[in-house]
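Chains, contacts and geometry: an overview
Here are the chains, one letter per residue:
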Amino acid sequence: MDAVQRAAGEAWAFRARVEREAASRFARLAAAIPAFDPASPVPALLRRAAADEDRHAALCAGLSASYGCPGGGGATDVRITPRSLGPRDAVLYEVVAACCITETESVATLATLLGEQAEPRVRTVLREIARDEVVHGRMGWAHLAREAAVRDVSFLAAWVPSMLAGTVEEGLFPAGEPGPDELLRHGVLPGPRKKEIFVRTLDEVVLPGLEKLGVSAAPARAWISQRIS
Ligand SMILES: [Fe+2]
Ligand SMILES: [Fe+2]
């Protein structure tokens, strides 16, 4: 197996794991929201999204296996919230990190990959996932907007850097990632492109969206300039 095939297989196996984690997280968040917002339409969207993520995990695992990389690992549920937050704030933290940030970034990455010369079977998977992730991003913004309408959500501003570090960085700066343009055919962005898209999407979509709902972007911008430049 050559280095490109192996890198592609590992990247798709990593995505399969992230998709499975998202499925468990969305199911747990769907069960938590009605305790404080019984009229919210978001739990139904989260349950549908959990089913989407299971389907994405299978698609990603199928591609990674086709590159000779075993998918590995069952469903896991990783809580990413700081211990100091109460239950309602913890849900908000996780929804913002997982949907407003991660799903929005995912859409930008997938759109970029779809603009490249990916192989047909890779394109099919990228297109199917991209279609759903757009909806998953929106459900995060819907939850944040409902919360912002009834209470002060400005405390989130100080947590955005840890959301960025905890949920995105691991996939963004993997150790020793080979980055030839050849990987684009297999649906994998070379490191520098990935970083550039990540920062641009934060700058143009995620942070303005947070600011519009009362979450200052200043701590996040400080984190970015320190971390990226
Ligand atoms: Fe997904
Ligand atoms: Fe998603």
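Everything that follows concerns the structure shown earlier in this document.
Before going into details, it helps to say that this report is about the structure given with it. (Residues numbered from 1 in each chain as written. Chains lettered and ligands numbered in written order. Predicted model: local features only at pLDDT ≥ 70, side-chain atom pairs only at ≥ 80, totals over all residues. Heavy atoms only, no water.)

**Digging into the coordination of the iron ion (ligand 1)**
Around the iron ion (ligand 1), the protein supplies Glu-19 (OE), Glu-19 (OE), Glu-53 (OE), His-56 (ND1) and Glu-133 (OE) as donor atoms, at distances of 2.0 to 2.8 Å. Of note, the iron ion (ligand 1) draws all its donor residues from one chain, in the sequence arrangement E-x33-E-x2-H-x76-E. Between the iron ion (ligand 1) and the iron ion (ligand 2) the interatomic distance amounts to 3.3 Å, and Glu-53 serves as a bridging ligand to the pair. Of this pair, Glu-19 sits in helix H1 (residues 3–32) while His-56 sits in helix H2 (residues 42–66); the two residues are 37 residues apart in sequence, bridging distant segments of the chain. Summarising the burial analysis for this pair, Glu-19 and His-56 share the class buried. (Donors = N, O, S within 2.8 Å, 3.2 Å for Na, K, Ca; no water. Helix = DSSP H or I, 4+ residues; strand = E, 2+ residues; numbered from the N terminus. Buried < 20%, exposed > 50% of the residue type's maximum accessible area, 1.4 Å probe, protein only.)

**Notes on the packing of aromatic side chains**
Under the definition given, this model contains one aromatic pair. Aromatic pair Tyr-93 and Trp-159: ring centres 6.1 Å apart, planes at 75°, arrangement edge-to-face. Remark: Trp-159 occurs in the loop between helix H4 (120–150) and helix H5 (160–172) and Tyr-93 occurs in helix H3 (residues 87–114); sequence separation between them is 66 residues. Positioned over the ring face of Trp-12 is Arg-15, at 4.4 Å from the centre of the ring. (Phe/Tyr/Trp six-rings, centres within 6.5 Å; stacked < 30°, edge-to-face > 60°. Lys NZ or Arg CZ within 6 Å of the ring centre and 35° of its normal.)

**Side note on the pattern of salt bridges**
Overall, the coordinates contain 15 salt bridges when judged by the stated rule. A salt bridge links Arg-121 to Glu-119; the shortest N-O distance between them is 3.4 Å. (Salt bridge = Lys/Arg side-chain N within 4 Å of Asp/Glu carboxyl O.)

**Brief notes about the nonpolar core**
Membership of the largest hydrophobic core comes to 27 residues, with the highest contact counts inside it found for Val-96, Leu-144, Leu-156, Val-160, Leu-164, Leu-207 and Leu-210. Of all the elements in the fold, those that place two or more residues in this core are H3, H4, H5, helix H6 (191–212) and helix H7 (218–228). In terms of residues, this core owes the most to one element, H3, which gives seven residues. Setting aside residues no more than four positions away along its own chain, Leu-207 makes contact with Val-160, Leu-202, Ala-217, Ala-220, Arg-221 and Ile-224. Residues Ala-8, Ala-61, Tyr-67 and Val-125 belong to the second largest nonpolar core, which totals 25 residues. (Core = buried A, V, L, I, M, F, W, Y, C linked by side-chain atoms within 4.5 Å. Contact = heavy atoms within 4.5 Å.)

**Re the environment of Gly-68**
You can see Gly-68 is positioned in the loop between H2 and H3. A sequence separation of 152 residues divides Gly-68 from Ala-220, and the C-alpha atoms of the two residues are 39 Å apart.

**Description of H1**
Over its 30 residues, H1 extends 43 Å from the first C-alpha to the last, a length consistent with the 44 Å expected when each residue adds 1.5 Å. The distance from a side-chain oxygen at the start of H1 to the backbone nitrogen of Val-4 is 3.2 Å, and the residue carrying that oxygen is Asp-2. (Expected span 1.5 Å × (residues − 1). Polar contact = N/O pair within 3.5 Å; in protein donor to acceptor, adjacent residues only side chain to side chain.)

**Quick word on H3**
Spanning 28 residues, H3 covers 38 Å between terminal C-alpha atoms, matching the ideal 40 Å at 1.5 Å per step. The largest bend in H3 comes to about 30°, at Thr-102. Taking burial as the measure, the 28 residues of H3 include 21 buried ones, the bulk of the element. (Bend = angle between axes of the 7 residues up to and from the residue.)

**Observations concerning the side chain of His-186**
As for its placement among the helices and strands, His-186 is situated in the loop between H5 and H6. Engagement of the side chain of His-186 in a polar contact is seen with the side chain of Tyr-67, the distance being 2.8 Å.

**A few points about the state of the cysteines**
Simply put, the disulfide is a covalent bond whose two ends are the sulfur atoms of two cysteines. For the structure on display, the rule yields zero disulfides. Of all cysteine sulfurs, the one in Cys-60 lies closest to Cys-69, which takes part in no disulfide; the gap is 12 Å. (Disulfide = S-S within 2.5 Å.)

**Quick look at the side chain of His-56**
Accessibility expressed as a relative area gives 0% for His-56, which makes it buried. Excluding residues within four positions of it along the chain, His-56 makes contact with Glu-19, Glu-128, Ile-129, Asp-132, Glu-133 and His-136.

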